[in-house]
Amino acid sequence: MPHRPAPSSAPAFSRSTRRRWLQALACSSALPALWPAASHAGYNIWTGEYTLDKATLQVGIEKRFPVNLRYAEVFQVQLTQPRIALDAQGNRLGIVSDARITSPLLLSAPMTGLLAVSSGLRFDPAARAVRLHEPAADRLELRGIAERDSRRLQAVGTVVAQEVLRDYPIHTFAPEELRFGTRDITLGDITVTADGVKVEVR
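The structure displayed is predicted, hence computed values, not measured ones.

Visitor: When you look at the overall build of the chain in this model, what are you seeing that I'm missing?
Guide: Counting secondary structure elements, the chain contains 4 helices and 12 strands. Burial status across the chain gives 37% buried among its 202 residues. Restricting the contact set of the chain to residue pairs at least 6 apart, pairs at least 24 apart contribute 55%. Put simply, the chain shows about 12200 Å² of open surface, and 52% of that area lies on carbon and sulfur atoms.

Take a look at the structure:
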């Protein structure tokens, strides 16, 4: 009669069972020094990522507005009510704001409309900040303006993107958020998703 190996005494764990086991281990005394750091809002110990949701990003950009500037000494530009837009496909952060432009060169009343800007993101270790990276004006839409004046004013969006939003810190981490137990951590790749921004923890 062929010999059959004795059945293993170790139970077979499913993926969900292993996940529950890891969660229980993390909450136990087995990881006393690590768990406080892992419990920071937005940090997922299982995926090794910080998530900045849309609401957090919205709060960050609102601190930069309203914006008031002069362009070419003859245009007064006011930007208000910024709204965050997430471009997961292009891996870029969008910002749409209300725009108001006045100038003696415009024959009609002050122009109002929308300015749309998109930007990459980068992590600045020295400042512990996620910054806008090389923002660009996608479009400036003004109501009731002649095509000639519209072309002339497109440069306004470029100035706003380059001078007002370039390197702006959309979110700054607290020092304790970048410590895991006794170890300092660094942040790596930044990915824009449909729900927010994910920052890789290294």
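Visitor: Where do I start with the nonpolar core in this structure?
Guide: Soluble, globular proteins show a tendency: their nonpolar side chains are buried together. In terms of nonpolar packing, the biggest core is built from 45 residues, with Tyr 50, Leu 121 and Val 130 touching the most fellow members. Not counting residues up to four positions away in its chain, the partners in contact with Val 130 are Leu 52, Leu 121, Arg 122, Phe 123, Tyr 168, Pro 169, Ile 170, His 171, Phe 173, Ile 190 and Val 199.

Visitor: How do you make sense of the sheet that holds strand E7 (residues 129-142) when you look at a structure like this?
Guide: In any sheet, the strands associate via hydrogen bonds between backbone groups, in a parallel or an antiparallel arrangement. An order of E3-E4-E5-E6-E7-E8 is seen for the 6 strands of this open sheet, with the pairing classed as antiparallel. The sheet terminates laterally at strand E3 (67-71) and strand E8 (169-172), the two strands that pair on one side only. Pairwise comparison of adjacent strand axes, ignoring direction, gives a mean angle of 35 degrees for this sheet.

Visitor: Can you help me understand the sheet that holds strand E2 (residues 49-53) in this one?
Guide: The sheet built from 4 strands is open, its strands ordered E1-E2-E12-E11 with antiparallel pairing. Among the strands making up the open sheet, the edge pair consists of strand E1 (43-44) and strand E11 (187-192). For E1 and E2, the ladder comprises 2 bridges, and the chain directions are antiparallel. Opposite Asn 44, over in E2, you have Glu 49 as the bridge partner.

Visitor: Looking at this structure, I do not really get helix H3 (residues 54-62). What am I missing?
Guide: Along an α-helix, residues three or four positions apart point the same way, because every turn accommodates 3.6 residues. Within H3, the full set of buried residues consists of Leu 57, Gln 58, Gly 60 and Ile 61. The arc that holds every buried residue of H3, seen down its axis, measures 160 degrees, which confines them to one face.

Visitor: Quick question: what am I supposed to make of the side chain of Ser 119 here?
Guide: Here Ser 119 is to be found in strand E6 (residues 111-124). For Ser 119, a relative accessible area of 1% puts it in the buried group. Of the polar contacts made by the side chain of Ser 119, one reaches the backbone nitrogen of His 133; its length is 3.1 Å. Other than its neighbours up to four places away in sequence, Ser 119 contacts Arg 92, Leu 93, Leu 132, His 133, Glu 134 and Pro 135.

Visitor: Looking at this structure, how should I read the side chain of Glu 177?
Guide: Turning to its location among the elements, Glu 177 is positioned in the loop between E8 and strand E9 (179-180). Nearest to the buried, unbridged Glu 177 among oppositely charged side chains is Arg 128, at 7.1 Å. Polar side-chain contacts of Glu 177 include one of 2.7 Å to the backbone nitrogen of Ala 174.

Visitor: Is there a simple way to explain the pattern of salt bridges in this structure?
Guide: Between side chains of opposite charge, a pair can form as their charged atoms come close. Throughout the structure, instances matching the rule amount to 8 salt bridges. A salt bridge links Arg 83 to Asp 98; the shortest N-O distance between them is 2.9 Å. With Arg 83 in strand E4 (residues 75-87) and Asp 98 in strand E5 (residues 92-102), this pair connects stretches of sequence that are 15 residues apart. With a relative accessible area of 32%, Arg 83 lands in the partly exposed category. Close ionic contact of Arg 139 with Glu 141 constitutes a salt bridge, the shortest N to O distance being 2.8 Å.

About the cut-offs
- Residues numbered from 1 in each chain as written.
- Predicted model: local features only at pLDDT ≥ 70, side-chain atom pairs only at ≥ 80, totals over all residues.
- Heavy atoms only, no water.
- Helix = DSSP H or I, 4+ residues; strand = E, 2+ residues; numbered from the N terminus.
- Buried < 20%, exposed > 50% of the residue type's maximum accessible area, 1.4 Å probe, protein only.
- Contact = heavy atoms within 4.5 Å.
- Areas by Shrake-Rupley, 256 points an atom, 1.4 Å probe, with all protein chains shown as cover.
- Core = buried A, V, L, I, M, F, W, Y, C linked by side-chain atoms within 4.5 Å.
- Pairing = 2+ DSSP bridges.
- Axes fitted to C-alpha atoms, helices over the stretch in contact; angles between N-to-C directions.
- Arc of directions from axis to C-beta.
- Polar contact = N/O pair within 3.5 Å; in protein donor to acceptor, adjacent residues only side chain to side chain.
- Lys, Arg positive; Asp, Glu negative; His and termini not counted.
- Salt bridge = Lys/Arg side-chain N within 4 Å of Asp/Glu carboxyl O.

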